[in-house]
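Structural features, examined
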Amino acid sequence: GFFQSCAVEVDVKDASNATCLYAKWMMRFLIKYETNSSDYKNATLNLSSDVTHNGSVCGNDTQAALLAVQFGEGHSWSVNFTKTNETYQGDFITFTYNTNDTTVFPDAKRKGPITVVVKDTMHPVQLNNVFVCHNTDFFEAENVTQVFWNVTVQAFVQNGTIGKKESRCHADMPTSAPTVPPTIANVTTASTTTLSPAPTTAPKPVENPDTGNYSLKSGNKTCLLATVGLQLNVSQDKPLLININPKTTSADGTCGNTTATLKLNDRNSTLIGF
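Residues numbered from 1 in each chain as written. Predicted model: local features only at pLDDT ≥ 70, side-chain atom pairs only at ≥ 80, totals over all residues. Heavy atoms only, no water.

Description of the nonpolar core
Of all hydrophobic cores here, the largest spans 45 residues; its most connected members are Trp25, Trp77 and Phe81. By residue number, the principal contributor to this core is strand β3 (residues 19-34), which donates 8 residues. Leu216, Leu232, Val234 and Ile242 belong to the second-largest nonpolar core, a separate cluster that totals 12 residues. (Core = buried A, V, L, I, M, F, W, Y, C linked by side-chain atoms within 4.5 Å. Buried < 20%, exposed > 50% of the residue type's maximum accessible area, 1.4 Å probe, protein only. Helix = DSSP H or I, 4+ residues; strand = E, 2+ residues; numbered from the N terminus.)

A closer look at the pairing of strand β17 (residues 221-229)
Pairing of strand β16 (residues 211-218) with β17 involves 8 bridges; the strand directions are antiparallel. From the neighbouring strand, serine 215 faces β17, where its bridge partner is leucine 225. Here β16 folds back onto β17 in antiparallel fashion, the turn holding 2 residues, of which glycine 219 has a positive phi close to 70°. (Pairing = 2+ DSSP bridges.)

What about the side chain of asparagine 150?
As for its placement among the helices and strands, asparagine 150 is situated in strand β12 (residues 144-155). A relative accessible area of 18% places asparagine 150 in the buried class. Polar side-chain contacts of asparagine 150 include one of 3.1 Å to the side chain of histidine 134. (Polar contact = N/O pair within 3.5 Å; in protein donor to acceptor, adjacent residues only side chain to side chain.)

Regarding the pattern of salt bridges
Taken as a whole and judged by the stated rule, the model has 5 salt bridges. Two residues, glutamate 34 and lysine 109, come together in a salt bridge whose shortest N-O distance is 3.7 Å. Here lysine 109 lies in the loop between β7 (87-98) and β8 (113-119) and glutamate 34 lies in strand β3, a separation of 75 residues in the sequence. Residue classification places lysine 109 among the partly exposed residues on the basis of a relative accessible area of 44%. Bridged by salt links that share partners, the residues Glu166, Arg168 and Asp172 form one connected network. (Salt bridge = Lys/Arg side-chain N within 4 Å of Asp/Glu carboxyl O.)

Keep in mind these values describe shape, not function.
Here is the structure:
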């Protein structure tokens, strides 16, 4: 099935009630956890509608800005920003999930909050510019995949006014920004984001998708191989079939010691992450 995560919008004010830190984005978390029977299950944690942002900090020349949100049954997420005389950038992302939330983590062996810290890969952004990234980004660490899309953020806002100039992420540069919010699908361990609708004039996909051969390298060695034909069946008012065309699809991703990620990008219209 397809799931729509809630969008988060945070507007942090300073002592004079002027905006000092602004962000609006969408995110979800894919978490692998151990059960009492010593096997592993995959959980999907979405943002709920009751998000708070306690502990967020404006920041200044000597203190980092902090964007912090809390949601659900004891889950929280934060990112800190530092600045120079001309730029600002994200430094570290801290995510805490609570396995006492039995709705998301049934039969979890380890109980209580678990914290994962990853380095933010955000490039420096000019002060008074808004960082925008509509395309999907992934952060992986310790059996957790954090998925972000439709991100708009500005730290160290000057004079309480959000900047009018945008700094786009690299993934957004080849094509214009999508005009509709994406949705994410999970089929077993796969997550799928539809970043823009299929053209209404496109021919109906053939019944069976073409088989593609995709591979990843770690250094000069191949670390992942996939031979697969992919078709997405989107359940909506008008059911939509999307065949992934190997001839126009590029493969990217990473190989680690315990996890590997394969990302297939079909001309920036459909992104599938395994």
